[in-house]
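Notes for the structure review
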Amino acid sequence: MTDLDARGLRDAYDSQIRPELPDPLPAGVSVDRDGPLFRVLGLDQRGFITYRTLDGLAGAELDALIARQVEFFRARGEAVEWKLAGHDEPADLADRLRAAGFVPEDLETVVVGPVAPLAAAVPVLPEGVRLREVTGRADLERIAAMEEEVWHDDRSHLVHALAREIEADPQSITIVVAEAGETVVSAGWIRYQAGTGFASLWGGSTLPQWRRKGIYRALVAYRARLAQQRGKTLVQVDCSPDSRPILERLGLVAVTTTTPYVYTP
């Protein structure tokens, strides 16, 4: 892919994916607006701030907008994540967020690419491993337990969040597990972005002893076929440093980065 291709893919990401609002809204989730910002409430264990562009705000006006978000979530006694893209303007936005009390978490890379070649791949799963689509709460709890083993932190919020998405619109998300016998060894889900040509991939955590066996690639290919069946032509992933080399070898292109900036009252 050329730089021009990467820029075109980034423009598609900006115009079709952002501002990344849940559609439809799960029960108990609301969205309100402050200027160019959208505040998503009730989706997860903390609030979420998203936008497509800041409409040229800078300097004191931008500081005032950030301060209003701090005051809003301080009054709620609730943490909030401001999702900052690496190409967001102005260039000093990250500095202004830090000055207001936001703390950066781990950087991820946004990769975008065509669905067709991913869907055409036929990875070979290890013997005894199968892929299965799931919707039931017991399976969601098994996914959370696997993720807790991988990341060594509480992932129980995943159960509630994914269950609410399925309840709101079971056609908007598909959750896939990789199982070896009764053990969930990896899992991922795909969201079909309404009104766009995009699908987005999430999850993909794999138990350490099951890595480098083609399971992650098989999950990507399976979900790409689901996207293709629904007429999606592009796939997007916010990926970790571990996943990025695999996805780039599969033909996805890095278009920007994202960093969660979190304010905690």
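Right, let's walk through the structure included here. (Residues numbered from 1 in each chain as written. Predicted model: local features only at pLDDT ≥ 70, side-chain atom pairs only at ≥ 80, totals over all residues. Heavy atoms only, no water.)

Pro19 follows Arg18 through a cis peptide bond whose omega is 15 degrees. By secondary structure assignment, the location of Pro19 is in the loop between helix H1 (3–17) and strand E1 (30–34). Non-glycine residue His152 carries a positive phi angle of around 60 degrees. Locating His152 in the fold gives a position in the loop between helix H5 (137–151) and helix H6 (157–168). On the accessibility criterion, His152 (69% relative accessible area) is exposed. (Helix = DSSP H or I, 4+ residues; strand = E, 2+ residues; numbered from the N terminus. Buried < 20%, exposed > 50% of the residue type's maximum accessible area, 1.4 Å probe, protein only.)

Inspection of every chain in the model, using the stated rule, returns four aromatic pairs. Note on Tyr51 and Trp82: the rings are 5.7 Å apart at their centroids and 65 degrees apart in plane angle, and the pair reads as edge-to-face. Of this pair, Tyr51 sits in the loop between strand E3 (47–50) and helix H2 (59–76) while Trp82 is found in strand E4 (residues 80–85), placing the two residues 31 residues apart along the sequence. For the pair Tyr51 and Trp82, a shared accessibility class is recorded, and that class is buried. For the ring pair Phe102 and Tyr263, a centre distance of 5.8 Å and an interplane angle of 50 degrees mean the geometry is tilted. Here Phe102 is found in the loop between helix H3 (93–99) and strand E5 (103–104), whereas its partner Tyr263 is found in strand E12 (residues 253–263), with 161 residues between them in sequence. Judged on exposure class, the residue Phe102 and its partner Tyr263 are both buried. Put simply, the rings of Tyr51, Trp82, Phe102 and Tyr263 touch in pairs and so form one group of aromatic residues. Over the face of the ring belonging to Phe72 we find Arg39, whose NZ or CZ atom lies 3.8 Å from the ring centre. (Phe/Tyr/Trp six-rings, centres within 6.5 Å; stacked < 30°, edge-to-face > 60°. Lys NZ or Arg CZ within 6 Å of the ring centre and 35° of its normal.)

The full count for this structure, using the stated rule, is 25 salt bridges. Where Glu179 meets Arg142, a salt bridge forms, and the shortest distance between an N and an O atom there is 2.9 Å. Note that Glu179 is positioned in strand E8 (residues 173–180) and Arg142 in helix H5, a separation of 37 residues in sequence. Judged by its relative accessible area of 2%, Glu179 is buried. For Arg244, the salt bridge identified is with Glu248, shortest N-O distance 3.0 Å. You can see Arg244 and its partner Glu248 sitting in helix H8 (residues 244–249), four residues apart, about one turn around the helix. Residues joined by salt bridges that share partners form a network here, namely Arg130, Arg132, Asp139, Arg142 and Glu179. (Salt bridge = Lys/Arg side-chain N within 4 Å of Asp/Glu carboxyl O.)

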